[in-house]
Amino acid sequence: MPSGGIKVVAENRKAFHDYYIEDRIEAGIILTGTEIKSIRNGRVNLKDSYAKLDEGEIWVHQLHISPYEQGNRFNHDPLRPRKLLLHRAEISKLIGKIQQQGLTLIPIKIYLKKGMAKVELAVGQGKKNYDKRQALAEREGKRDIERALRDRNKNY
């Protein structure tokens, strides 16, 4: 990885299926030494994670960072809550969106930027089951059309 480059470590693709994503924001994350080593090895899972406001701070919960193999007794709890680093104005903006509009904070990506771990948070609204089915049907329809066009062009 070149210095200053961005290396995506993990993505939460299921979030795009379960939520309407309205806004994205980058946040730093407070980690212990063995946690950052595990993240650099790509041993992180965002599947069921969510971010929550607690006493004016944003915390990410259920973010699974696997224990570091060489960490011995200094290893961390894989599911402990982790504090996110945001400016006060960014937190105030997020508080307004979450409380007034009933939106949710979802971590959608963890990446390394200039050697530092960052979390991309999304502000989203949950989809209903029929919305998910409709989106799936639209995707399948587009796929069928593309396949038909590709087959038609192949025959010529």
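The protein carries the name SsrA-binding protein in an unreviewed UniProt entry, which gives Desulfosporosinus hippei DSM 8344 as its organism. Listed in UniProt under the heading Sequence similarities (unreviewed entry), the comment for the protein reads: "Belongs to the SmpB family."

Time to look at the overall build of the protein. A tally of helices and strands in the protein yields 4 helices and 9 strands. Listing the helices and strands of the protein from first to last along the sequence gives β-α-β-α-β-β-β-β-β-α-β-β-α. At 19 Å, the protein has a C-alpha radius of gyration far larger than the 15 Å of a compact globule built from 156 residues. Structurally, the protein occupies a C-alpha span of about 65 × 40 × 30 Å along its principal axes. Looking at the protein as a whole, 34% of its 156 residues are labelled buried.

What follows concerns unusual backbone geometry. Peptide bonds are mostly trans, and most non-glycine residues show a negative phi. Positive phi is not limited to glycine here, since Q62 has a value of about 60°. Non-glycine residue K114 carries a positive phi angle of around 55°. If you trace the backbone, K114 turns up in the loop between β8 (104-113) and β9 (116-126). Here K114 falls in the exposed class, since its relative accessible area comes to 63%.

Here the focus is the environment of Y19. Mapped onto the elements of the fold, Y19 is located in strand β2 (residues 19-29). What makes Y19 partly exposed here is its relative accessible area of 24%. Placed 87 residues apart in sequence, Y19 and I106 show a C-alpha to C-alpha distance of 8.9 Å. When residues no more than four places from it in sequence are discounted, the contact partners of Y19 are T104, I106, G124, Q125, G126 and K127.

Before going further, it helps to examine the environment of L103. Looking at the element boundaries, L103 is found in the loop between α3 (88-101) and β8. Residue classification places L103 among the buried residues on the basis of a relative accessible area of 6%. Leave out the neighbours within four places in its chain, and L103 touches E22, K97, I98, V123, G124 and Q125.

The end-to-end C-alpha distance of α3, which contains 14 residues, comes to 20 Å, matching closely the 20 Å that a straight helix rising 1.5 Å per residue would cover. Phi turns positive, to about 65°, at G102, one or two residues after α3.

Here we come to the pattern of salt bridges. This model, assessed by the stated rule, comprises 10 salt bridges. With a closest N to O distance of 3.8 Å, K93 and D23 form a salt bridge. Here K93, found in helix α3, pairs with D23, found in strand β2; they are 70 residues apart in sequence, far enough to count as distant. Assessed through its relative accessible area of 44%, K93 is described here as partly exposed. Its relative accessible area of 22% is what places D23 among the partly exposed residues. One connected set of salt bridges, linked through shared partners, spans D23, K93 and K97.

Turning to the pairing of β9, a few remarks are in order. Taken together, the 9 bridges between β2 and β9 define a ladder with antiparallel strand orientation. Of the residues in β9, the one forming a bridge with A27 is V119. The sheet contact formed by β8 and β9 spans 9 bridges and is antiparallel. When the bridges of β9 are listed, I106 appears paired with A122.

What counts, and at which threshold
The written sequence of each chain sets the order in which its residues are numbered from 1. Note on the predicted model: pLDDT of at least 70 is required for a residue's local features to be given, and 80 or more for side-chain atom pairs to be given and counted; whole-chain, interface and lining totals, by contrast, use all residues. Just so you know, side-chain values use all the structure's heavy atoms and leave hydrogens and water out. UniProt positions are given in the numbering used here, feature names are shortened, and annotations may be inferred rather than shown by experiment. Secondary structure elements are taken from DSSP: a helix is a run of H or I of four residues or more, a strand is a run of E of two residues or more, and numbering for both begins at the N terminus. Put simply, the radius of gyration uses C-alpha atoms, and a globule should come to 2.2 Å times the residue count raised to 0.38. A 1.4 Å probe rolled over the protein chains alone gives each residue an accessible area, and that area as a share of the maximum for its type sets the label: buried under 20%, exposed over 50%, partly exposed in between. Any pair of residues with heavy atoms lying within 4.5 Å of one another is described as a contacting pair. Here the expected length of a helix is defined as 1.5 Å per residue gap, with one fewer gap than residues. Just to be clear on terms, a salt bridge is a Lys or Arg side-chain nitrogen sitting within 4 Å of an Asp or Glu carboxyl oxygen. Strand pairing follows a simple DSSP-based rule, namely that at least 2 bridges must link the two strands.

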